[in-house]
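Examination of the molecular architecture
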Amino acid sequence: MCSGGAVARAFAGTDIGLILVDNSPGDGAADVVRRAAPDATIIANVSNRGYAAAVNQAFEITEAELVLLVNPDVRRISGSFDDVLGAFGDPSVGAVVTQLVNVAGEVQPHCIRAPR
């Protein structure tokens, strides 16, 4: 499976729904996901529509209260999914942002500003 999907299931559990928006037609990612996770929903774009458009496509078809966005290049998620769920127990929380660490172990900037 593309690493992002496997990592998401390892982090949040196997009962989660998995949606792949394939923005790179012809690279084989959709086929890999179909074999590894036959229950996954696949949206195969004919061209790369961009990250935001792909995320919006997934949001349009999900009925989930909580969505975990994971890029295919993510190799590991540390921490506890229960901690993420707990953060949403506070009615003022609308998003949880991660700390991104690159393969060298360095914190990698990835947000222009934190959501409010």
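In short, a report on the structure.

Calculation notes
Residues numbered from 1 in each chain as written. Predicted model: local features only at pLDDT ≥ 70, side-chain atom pairs only at ≥ 80, totals over all residues. Heavy atoms only, no water. Helix = DSSP H or I, 4+ residues; strand = E, 2+ residues; numbered from the N terminus. Buried < 20%, exposed > 50% of the residue type's maximum accessible area, 1.4 Å probe, protein only. Contact = heavy atoms within 4.5 Å. Phe/Tyr/Trp six-rings, centres within 6.5 Å; stacked < 30°, edge-to-face > 60°.

A look at the side chain of Asn45
Along the chain, the position of Asn45 falls in the loop between strand S2 (41-44) and helix H3 (51-61). We classify Asn45 as buried; its relative accessible area is 8%. Sequence-distant contacts of Asn45, that is, excluding residues within four places in its chain, are made with Val21, Asp22, Asn23, Pro25 and Gln57.

A word on the packing of aromatic side chains
Counted by the stated rule, this structure contains 1 aromatic pair. Ring centres of Phe11 and Phe81 lie 5.5 Å apart, and the angle between their planes is 80°; on these two criteria the pair is classed as edge-to-face. With Phe11 in helix H1 (residues 3-12) and Phe81 in helix H4 (residues 81-87), the pair connects residues that are 70 residues apart, well separated along the chain. Looking at Phe11, the relative accessible area reads 14%, which means it is buried.

Purely spatial values, then, with no claim about function.
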